[in-house]
Structures are given as C-alpha cells and as structure tokens.
Amino acid sequence: MGTMSLPPDPFENDPARRLDDGGGSTAVIEREEQREYTEPGDSERFAHYVRKEKIMESALSGEPVIALCGKVWTPGRDPKKFPVCPTCKEIYEGLSAPKDGKK
C-alpha cells in the first residue's frame with residue numbers, strides 16, 4: 001500500500017502563525033466593518049394589491065403574500081396609510097379593462 005501525503009499548508013508562511021509553541025495557534029484577521037445604508041425602496045412606501053383571501057391566509061399562517069407587481073412580503077400595516085402602488089394599480093386596471101375596446 002502506498003503512503004498518502006497531505007496537501008501543503010496554506011498558512012505555512014503566515015507571520016501571524018507561531019510554530020514554536022508546539023501546538024496550534026489562532027490568527028486574528030482584522031476587517032473594517034462594512035454596512036450598506038439604504039433607504040426603503042418605493043415598494044416599501046406603497047399599499048399593494050393582493051387577493052383578500054390571500055391576506056386572510058397570511059394573517060393566520062404568517063406566510064408572505066405576492067402582490068400583483070411581484071412584491072413579496074408579510075402584511076402587517078394599515079394599507080390605508082399609504083398610496084396605492086402604481087404598478088399594482090396599472091396591472092389591476094389592465095385586468096379589469098374590457099378586451100374589446102368598449103367601456
């Protein structure tokens with residue numbers, strides 16, 4: 001049977017590693033903290049169109065819903081306090097508009 005060799009140690013030449021203590025060592029890597037500061041998107045500022053039964057199901061199960069515009073979220077605020085999402089409104093009006101061009 002042949003002998004197996006281990007791959008080379010990637011930290012072999014690391015100055016933070018101490019080999020003279022006879023045991024393992026811990027190296028500390030310092031990183032600058034990076035935070036991404038963003039303002040809520042437009043989808044956070046609007047009330048969205050969702051089927052009423054889906055809202056009720058979400059209230060009972062805690063599962064998220066999907067609005068006509070594609071936004072996915074778990075409802076938890078009063079939609080009357082926000083303007084209607086223009087994309088949802090446009091899609092809704094397109095769904096309810098007659099297809100034959102008559103009003």
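It should be emphasised that the depicted structure is a prediction, and the values quoted were computed from it without experimental measurement.

S.K.: I'm lost on the packing of aromatic side chains in this one. Help?
M.R.: We describe a pair of aromatic rings using the distance from one ring centre to the other and the angle between the two ring planes. Tallying each qualifying case throughout the model produces 1 aromatic pair. Between the aromatic rings of Tyr-49 and Tyr-92, the centroid separation amounts to 5.2 Å while the plane-to-plane angle is 80 degrees, which identifies the pairing as edge-to-face. Pair noted here: Tyr-49 is in the segment before α1 (52–61) and Tyr-92 is in helix α2 (residues 86–96), with a separation of 43 residues, a long-range link. Judged by relative accessible area, Tyr-92 falls into the partly exposed class, the value being 45%.

S.K.: Would you mind showing me how to read the pattern of salt bridges here?
M.R.: When charged atoms on two side chains of opposite charge get close, those side chains can pair. Throughout the structure, instances matching the rule amount to 2 salt bridges. For the salt bridge of Arg-51 with Glu-53, the shortest nitrogen-to-oxygen distance reads 3.8 Å. Judged by relative accessible area, Glu-53 falls into the partly exposed class, the value being 42%. Taking the shortest distance from any N to any O, the salt bridge between Glu-57 and Lys-54 comes out at 3.9 Å. Note that Glu-57 and Lys-54 are positioned in helix α1 at a spacing of 3 residues, about one turn of the helix.

Reading guide: rules and limits
Residues numbered from 1 in each chain as written. Predicted model: local features only at pLDDT ≥ 70, side-chain atom pairs only at ≥ 80, totals over all residues. Heavy atoms only, no water. Phe/Tyr/Trp six-rings, centres within 6.5 Å; stacked < 30°, edge-to-face > 60°. Helix = DSSP H or I, 4+ residues; strand = E, 2+ residues; numbered from the N terminus. Buried < 20%, exposed > 50% of the residue type's maximum accessible area, 1.4 Å probe, protein only. Salt bridge = Lys/Arg side-chain N within 4 Å of Asp/Glu carboxyl O.

That's the geometry; what it means functionally is another story.
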